[in-house]
Each structure stands twice: as C-alpha cells, then as structure tokens.
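# Structural overview
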Amino acid sequence: MSFLLMLSLMIPKTRIIGTRRVVVHSTNKEGTITMTTRVSKPFVLAAAFALTLFILACGFNVSTANIADAWMATDESGSTRATSYGPSDTFYAIVDLRNAPDTTNLKAVWIAVNVEGASANQVINETSGTMGSGLLHFKLTNDGFWPNGQYKVDIYLNDKLDKTVTFEVR
C-alpha cells in the first residue's frame with residue numbers, strides 16, 4: 001500500500017490526485033480550506049519501502065487461537081475429571097482449543113515432578129500435532145505400573161507454554 005493511499009485513509013477528506021499531489025480539504029468557522037502538497041516520487045517510494053520492511057519485521061500473529069480449558073480425566077471423552085490416579089490407570093489430558101485455524105500447533109509434555117525412582121521434573125513423553133478448534137485428547141499409558149508421586153502435563157500452544165495441569169498417582 002503506498003504512502004499516499006495510507007495518508008488518504010488516515011486523514012478524513014483527503015484525496016490523491018495523480019501520484020504526486022495530496023489535496024486535503026478541511027472545514028473551519030470561516031469555511032473550507034484547501035491545501036495542496038507536492039510529494040516527490042523518491043519520497044513516496046522510500047516511505048512505501050520503509051513501511052513494508054516495518055510490517056515484515058514485526059511478524060504479526062493474527063491468530064486468536066486459545067486454550068479455554070485443560071483438565072485431566074479418567075476417560076477419553078473427558079467427562080469425568082480427575083486429579084488422582086491409581087498405578088495401573090491411563091492418563092487422559094483434555095484440551096478445549098478455541099478459535100484455532102487448522103494449522104495450530106499443540107504439544108503436551110508429560111512430566112514426573114516428584115516421583116519415586118525418577119529424577120525431579122523428568123520428562124516422560126511428548127506428543128505434538130497440528131490441529132484446529134475442538135476438544136483434543138492426549139493419552140499416556142504405561143506397560144507396568146505408574147510410580148506414586150506428583151505429575152504434570154504442560155500444554156504448549158504454538159510453541160508457547162499455555163496451561164499446566166497437575167495430578168498425582170497414589
């Protein structure tokens with residue numbers, strides 16, 4: 001978008017005449033004032049180039065994707081919320097993703113926070129994918145028994161930590 005066109009959008013009652021002249025009409029008590037300003041072509045090109053660089057450098061993110069809620073559940077549908085599990089249970093993390101285009105990146109990082117026989121904050125598993133709005137289900141199973149202790153799952157939205165859900169195994 002050229003500088004002159006942007007100027008005409010920002011200042012009311014502004015017209016662009018040709019490519020080198022801006023006419024501004026303004027009304028005051030005495031009547032209408034007309035002001036004509038000439039703008040050189042190199043200035044217009046430089047301003048348009050600078051504006052383009054600015055827009056590209058800012059890297060605007062227009063996504064309104066958000067995690068409305070995240071919780072642990074005892075079932076894959078997420079209907080029964082849980083904060084505590086038994087050693088043989090399957091963990092289900094449910095994420096309510098909203099306003100998300102189909103190219104939204106979501107990642108679940110499962111962590112043993114304070115668990116018998118594991119290092120503090122040991123990453124157990126990571127699951128990621130590209131998806132759109134809806135209820136998303138992350139599942140973690142173990143061939144054996146889960147050790148007692150505190151766990152958490154960190155949910156990342158477009159590579160930024162958005163929610164953390166804690167739970168325990170007794």
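Given the structure is predicted, the values throughout are model-derived calculations rather than measurements.

To continue, consider the pairing of strand 6 (residues 91-98). The buried fraction of strand 6 is high, at 7 of 8 residues. Two elements, strand 4 (residues 66-73) and strand 6, share 7 bridges in a ladder whose sense is antiparallel. Paired with M72 across the strands is A93, a residue of strand 6. Two strands pair when backbone bridges link them, and strand 6 and strand 9 (residues 134-140) are joined in this way by 7 bridges, in the antiparallel orientation. Among the inter-strand pairings, D96 is bridged to a residue of strand 9, identified as L135.

A word on the sheet that holds strand 8 (residues 122-131). Strand pairing in a sheet is mediated by backbone hydrogen bonds. Such pairs are either parallel or antiparallel. Taking strand neighbours across the sheet as the criterion, the 5 strands line up as 5-11-10-7-8 in an open arrangement whose pairing is mixed. Edge positions in the sheet fall to strand 5 (84-85) and strand 8, since each of these pairs with one other strand and no more. Two strands pair when backbone bridges link them, and strand 7 (residues 104-115) and strand 10 (residues 149-157) are joined in this way by 9 bridges, in the antiparallel orientation. Its bridge partner lying in strand 10, L106 is registered against L157.

With that settled, the discussion passes to the nonpolar core. I67, M72, F91, V95, L106, W110 and V153 are the most contacted members of the largest nonpolar core, which has 28 residues in total. Taken together, the elements giving at least two residues each to this core come down to strand 4, strand 6, strand 7, strand 9, strand 10 and strand 11 (160-169). Top contributing element to this core by residue count: strand 7, with 5 residues. Beyond its immediate stretch of four places on either side in the chain, F91 contacts M72, Y85, W110, F138, K139, L140, W146, F167 and V169.

Cut-offs used in this document
- Residues numbered from 1 in each chain as written.
- Predicted model: local features only at pLDDT ≥ 70, side-chain atom pairs only at ≥ 80, totals over all residues.
- Heavy atoms only, no water.
- Buried < 20%, exposed > 50% of the residue type's maximum accessible area, 1.4 Å probe, protein only.
- Helix = DSSP H or I, 4+ residues; strand = E, 2+ residues; numbered from the N terminus.
- Pairing = 2+ DSSP bridges.
- Core = buried A, V, L, I, M, F, W, Y, C linked by side-chain atoms within 4.5 Å.
- Contact = heavy atoms within 4.5 Å.

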